[in-house]
Amino acid sequence: MLVYEQNALSEEIENLVKKYGNDRPALLEILQDIQRKHKYISDFAQQEVARLMNIHPVEVNSVISFYSFLHSHPQGRNIVRLCRTIMCEHAGKEKVEQAIERELGISFGQTTKDNRITLEYTNCLGMCDMGPAMIVNDRVYTHLDPERAVNILNEIK
Amino acid sequence: MGKRNNLRTPVSQRPHVVPKPTDTSYIGGMVSVQINEKKVSVPLGTTILEACKENQIHIPTLCNHDDLCVAGVCRICVVEVEGMRTLQTACTFPITAPIKIHTSTPMVRKARRHIVDLLLSEHYGECYSCFRNENCELQTLAKEYGVDEYTFGHINSPRHEIDNSSTSVIRDMNKCVLCKRCVRTCIDLQEVGVLEALNRGHDTKVGTFLDKPLADVICIYCGQCINRCPTGALRANDPSDDIWDAIDDPTKHVVIQTAPSPRAAIGEEFGIEPGKSFTGELNTALKRIGFDKVFDTNFTADLTIIEEGTELLNRLKKALVDKDESVKLPQFTSCSPGWIKFIEHFYPEYLDYLSTAKSPQQMFGAITKTFYAQQAGIDSVNIVTVALMPCSAKKFECNRPEMNASGYKDVDYGLTTREMAKMIKEAGIYLPEMPKSHFDDPFGEASGAGLIFGATGGVMEAALRTVYELVTGRVVPFDNLRIEPCRGFEGVKQASVKLERCVEKYNFLEGVELKFIVAHGTANAKIVMEMLKRGELSDVHFVEIMACPGGCLGGGGQPIPTSEEIRKKRAQAIYEEEESLPIRKSHENPHIKYIYENFLTEGPCGELSHKLLHTHYTKRGKYIS
């Protein structure tokens with residue numbers, strides 16, 4: 001990471017710490033803000049958060065590794081999470097899964113070459129009566145079939 | 001509602017009623033509880049575990065450790081509390097009402113057996129090839145609760161790679177049972193923060209920042225986690241095979257130096273109660289193993305005192321007489337390699353405050369491969385120096401690139417107390433039955449001042465005995481040389497000695513109140529460093545810091561287990577042995593006088609001692625790249 005990028009990131013985190021405070025309960029909110037903006041929390045950012053909140057870097061890392069929606073490695077611009085729980089499985093998740101993989105040319109857990117989409121699994125979204133379901137960034141799509149799923153993915157930038 | 005002991009009663013149908021105290025005098029006072037038909041009265045807030053311990057009722061524990069905060073993660077200590085829907089963990093349950101506790105019901109026994117079984121299902125490793133065989137808490141529990149088969153299966157291939165990247169600590173996460181004792185040790189007790197639980201659920205493991213190898217993160221190698229691990233997941237890097245090779249090689253002259261703390265603790269490895277020193281017996285055992293010479297690290301501890309004391313007096317002179325603003329005071333001790341690495345990482349801007357004197361171990365290496373080689377007529381190439389230390393960080397210290405003042409690697413191997421005990425057992429020797437013998441000359445005689453280096457405050461006490469006498473010409477004004485303010489296990493101790501009627505050379509110290517601080521454990525070191533940062537230590541002159549709780553005697557290489565009680569007994573053994581020694585002040589050691597007359601002829605802090613006995617430090621910083 002370049003020095004000026006590091007400085008910018010440090011300043012950004014300093015502002016976040018100012019906004020949310022530097023006690024432990026603020027940690028999640030700070031991490032979520034960084035995640036939202038950069039799509040991942042770099043190792044430098046983790047250490048800066050730790051420094052400013054007066055905790056150990058490994059504790060920040062521990063929190064990030066605990067939550068599925070926080071990442072410590074670069075992700076695509078959009079994150080697509082397909083429900084893999086049993087109800088969606090019965091509703092035809094497998095076909096949707098194959099169609100998506102074929103369309104994007106990657107398998108789950110990977111990011112497209114143009115950095116547009118990262119594919120992931122998720123556990124139950126609470127849409128068991130409307131499966132198969134997937135979540136694109138913050139929006140939930142239900143009643144998927146292979147064609148609809150591919151169309152949705154093609155529309156996102 | 002079913003019968004109370006019927007395990008199949010749906011839990012949701014059990015009544016959840018905790019009896020309220022009817023007598024108001026209970027509140028904040030004593031609570032009467034019934035444990036297994038025995039009525040006892042305990043202070044409000046006592047945990048069930050503590051209450052049972054006081055009443056000689058055994059409750060098994062795994063994640064619980066006397067030095068650490070309560071976690072309640074292993075569940076092995078579950079007991080039945082009448083009125084509670086589920087089993088409760090005794091270690092986390094504070095008694096606030098007059099409850100009835102049952103520690104051995106069918107449900108409790110079955111639950112405990114299943115818990116051990118579940119722990120074993122993920123515990124990969126064979127007991128025979130594990131260094132904790134016969135000293136493993138998981139093994140003991142499995143036996144205690146009659147685990148005779150793996151009810152929940154058993155993992156039969158390793159899931160994690162063994163991390164042996166560092167020179168000191170090896171992590172084998174296949175043996176980890178996630179009790180998180182190492183996490184609490186690292187974060188709460190030592191405040192270094194290397195280890196924490198990563199991931200979630202079944203994937204949880206104890207790991208470092210971004211799961212990097214230990215050598216790449218900020219670990220000070222104090223080894224406290226090794227001493228607290230209930231299984232063999234953490235261990236020290238064992239060089240004993242290399243040492244056997246050197247002993248068996250007739251061309252090599254193998255020299256061992258033994259530090260004060262291992263002597264006071266090695267008996268524990270042979271089943272002896274803590275609190276007995278085996279100095280003489282250890283000497284005989286080492287000679288029988290095949291070490292060519294057995295020397296006393298206390299000799300260089302005396303040397304350290306002379307060098308460090310002189311450095312302190314030089315700094316005081318520069319500050320008080322020459323009014324030199326650049327002189328850094330207080331002077332910090334530099335004997336503990338864990339502390340050195342800690343300050344290099346966390347407070348690199350304060351490295352100038354450290355004494356430049358090497359630790360006794362490294363001084364010994366440098367002296368052995370120069371002065372001793374010359375006196376004994378042996379080529380330094382053929383000398384192998386081994387250091388018996390209570391410490392895992394010493395292994396890192398002897399491998400530092402700058403530690404080759406003699407032209408060779410000053411100390412070849414650092415060996416911990418545990419590994420030494422293993423070597424002694426391997427040689428077929430039962431240590432407590434050995435006849436006593438003395439150390440070998442020329443570094444055989446050492447003062448008691450060197451011996452007490454093993455306990456927290458010992459370096460300070462030894463330094464004060466010498467410095468006070470050098471400056472005033474009189475003995476320190478304490479009964480029988482026991483400088484009590486330096487002793488004891490308080491985290492940060494502050495005290496002072498007034499210097500009066502000084503000898504002519506040290507006139508500038510007339511009336512100065514020599515202030516000193518003693519701290520042990522890096523969490524306390526952090527407190528002291530923050531005080532320094534805030535400028536609160538401007539009137540303090542000397543600070544002793546040891547990285548491990550209790551000083552070296554509680555070091556990461558000492559026998560397992562360790563607790564405050566055991567550390568106190570070890571300290572007592574050291575202080576008792578010290579009082580029986582004829583020489584108790586470093587500067588009165590005749591061999592020290594001899595070495596300054598014949599080898600380090602320029603005196604303490606002279607050019608040659610700067611080359612051999614002093615070192616420099618590296619600014620490491622805490623950024624992990």
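Just so you know, these numbers come straight off a predicted model, no measurement behind them. (Residues numbered from 1 in each chain as written. Chains lettered and ligands numbered in written order. Predicted model: local features only at pLDDT ≥ 70, side-chain atom pairs only at ≥ 80, totals over all residues. Heavy atoms only, no water.)

Asker: Please provide a residue-by-residue account of the nonpolar core, values included.
Answerer: Residues and elements named next belong to chain B. One finds F332 and W339 to be the most contacted residues of the largest nonpolar core, which totals 61 residues. When residues no more than four places from it in sequence are discounted, the contact partners of F332 are W339, Y353, L354, S355, V528, M529, L532, V543 and I545. Counting residues in hydrophobic clusters, the runner-up holds 35 residues, among them A301, L329, A463 and V467. (Core = buried A, V, L, I, M, F, W, Y, C linked by side-chain atoms within 4.5 Å. Buried < 20%, exposed > 50% of the residue type's maximum accessible area, 1.4 Å probe, protein only. Contact = heavy atoms within 4.5 Å.)

Asker: Just give me the short version of the sheet that holds strand β11 (residues 293-296) of chain B, but keep the residues and values in it.
Answerer: All names here are of chain B. A sheet is described by the order of its strands in space; here four strands give the open sequence β11-β10-β13-β14, paired in parallel fashion. Of all strands in the sheet, those with a lone pairing partner are β11 and β14 (413-416), marking the two edges. Within this sheet the neighbouring strands show an average axis-to-axis angle of 25°, counted without direction. Here four bridges tie strand β13 (residues 383-389) to β14, and the two strands are oriented parallel to one another. Residue pairing across strands places V386 opposite Y413, the latter belonging to β14. (Pairing = 2+ DSSP bridges. Helix = DSSP H or I, 4+ residues; strand = E, 2+ residues; numbered from the N terminus. Axes fitted to C-alpha atoms, helices over the stretch in contact; angles between N-to-C directions.)

Asker: Tell me about the side chain of R184 of chain B, residues and numbers included.
Answerer: Residues and elements named next belong to chain B. Structurally, R184 is set in helix α4 (residues 181-189). In this structure, R184 is buried with no salt-bridge partner, the nearest side chain bearing the opposite charge being D188 at 6.2 Å. In terms of polar contacts, R184 uses its side chain to reach the backbone carbonyl oxygen of C179, at 3.1 Å. Those residues in contact with R184 that sit more than four places away from it in its chain are C63, L68, C69, V70, A71, C179 and L189. (Lys, Arg positive; Asp, Glu negative; His and termini not counted. Salt bridge = Lys/Arg side-chain N within 4 Å of Asp/Glu carboxyl O. Polar contact = N/O pair within 3.5 Å; in protein donor to acceptor, adjacent residues only side chain to side chain.)

Asker: I'd love a proper account of the confidence of the model for chain B, names of residues and values included.
Answerer: Residues of chain B with pLDDT of at least 70 account for 96%, and the chain-wide mean is 90. Confidence drops under pLDDT 50 across residues 1-16 of chain B; counting only partners more than four residues distant or on other chains, this segment forms 20 contacts. (pLDDT = per-residue confidence, 0-100.)

Asker: Tell me about the state of the cysteines, residues and numbers included.
Answerer: All names here are of chain B. According to the stated counting rule, one finds zero disulfides over all chains in the structure shown. The thiol sulfur of C127 is not disulfide-bonded, and the nearest other cysteine sulfur, from C136, lies at 6.3 Å. No disulfide involves C182; its nearest neighbouring cysteine sulfur is the one of C176, lying 6.0 Å away. When its relative accessible area of 9% is taken as the criterion, C182 is described as buried. (Disulfide = S-S within 2.5 Å.)

Asker: I'd like a description of the interface of chain A and chain B, backed by residues and values.
Answerer: Facing the 16 residues of chain A at the interface are 20 residues of chain B. Of the roughly 1500 Å² buried where chain A meets chain B, counting both sides, 57% is carbon and sulfur surface. When the area that chain A buries against chain B is broken down by residue, the three leading residues are Q47, H56 and V58 of chain A, summing to 38%. Remark: the boundary between chain A and chain B carries zero salt bridges. Run the count over chain A and chain B and you get seven residue pairs in polar contact (both at pLDDT 80 or more). Only α3 (43-53) and α4 (57-66) of chain A provide two or more residues apiece to the side of chain A that touches chain B. The element best represented in the side of chain A that touches chain B is α4 of chain A, accounting for seven residues. The residue inventory of the side of chain A that touches chain B, partitioned by class, reads five nonpolar, nine polar and two charged. (Buried area = accessible area lost by both parts, 1.4 Å probe. Nonpolar A, V, L, I, M, F, W, Y, C, P; charged D, E, K, R; others polar.)

Asker: I'd like a description of the packing of helix α1 (residues 3-20) of chain A against α3 of chain A, backed by residues and values.
Answerer: Residues and elements named next belong to chain A. Two elements in contact, α1 and α3, have axes whose closest approach is 10 Å; the angle formed by their N-to-C orientations is 40°. On the basis of the axis angle, α1 is oblique to α3. Considering only the axes of α1 and α3, their crossing is right-handed. Between α1, through Q6, L9, S10, I13, E14 and V17, and α3, the contact on the second element is made entirely by F44, A45, E48, V49, R51, L52 and M53. Taken together, the residues of the contact of α1 with α3 break down into eight nonpolar, two polar and three charged. (Parallel < 35°, antiparallel > 145°, perpendicular 65-115°, else oblique. Left-handed = near helix turned anticlockwise from the far one by under 90°.)

Asker: Go over the pattern of salt bridges with me, naming the residues and quoting the values.
Answerer: A side chain with one charge may pair with a side chain of the opposite charge, provided their charged atoms come close. Counted according to the given criterion, the structure contains 41 salt bridges over all chains. Close ionic contact of E97 of chain A with K93 of chain A constitutes a salt bridge, the shortest N to O distance being 3.4 Å. Highlighted residues: E97 of chain A and K93 of chain A, both in helix α6 (residues 93-104), separated by four residues, approximately one helical turn. Among the salt bridges present, the one from E579 of chain B reaches R482 of chain B, with a minimum N-O distance of 2.5 Å. Of this pair, E579 of chain B sits in helix α17 (residues 564-579) while R482 of chain B sits in the loop between α15 (458-472) and β15 (492-498), placing them 97 residues apart in sequence. Sharing partners across several salt bridges, the network here consists of E461, R465, R487, E578 and R584 of chain B.

Asker: Which residues make up the environment of M134 of chain A, and what are the values?
Answerer: All names here are of chain A. Mapped onto the fold, M134 is located in strand β3 (residues 134-136). Taking the C-alpha atoms as reference points, M134 and R84, 50 residues apart in sequence, are found 9.2 Å from one another. If near-sequence neighbours (up to four positions away) are discounted, M134 is found in contact with V80, R81, L82, I100, L125, R139, V140, Y141, L144, A149, I152 and L153.

Asker: Give me the domain arrangement of chain B: which residues, what numbers.
Answerer: Residues and elements named next belong to chain B. With domains assigned, chain B is organised as domain 1 (11-104), domain 2 (117-236), domain 3 (261-299 + 362-433) and domain 4 (304-360 + 446-613). Taking the mean C-alpha position of each, domain 3 and domain 4 sit 23 Å from one another. Residue-level contacts link 41 residues of domain 3 with 41 residues of domain 4. Buried surface at the junction of domain 3 and domain 4, both sides included, amounts to about 3300 Å², of which 61% is carbon and sulfur. Applying the counting rule to domain 3 against domain 4 returns three salt bridges. Among the ionic pairs, R570 bridges to E268, the shortest N-O distance being 2.7 Å. Linking domain 3 to domain 4 there are 23 residue pairs in polar contact (both at pLDDT 80 or more). Per element, the largest residue contribution to the side of domain 3 that touches domain 4 is nine residues, and it comes from helix α11 (residues 360-376). Counted by class, the side of domain 3 that touches domain 4 contains 16 nonpolar, 14 polar and 11 charged residues. (Domains from an automatic or database assignment.)

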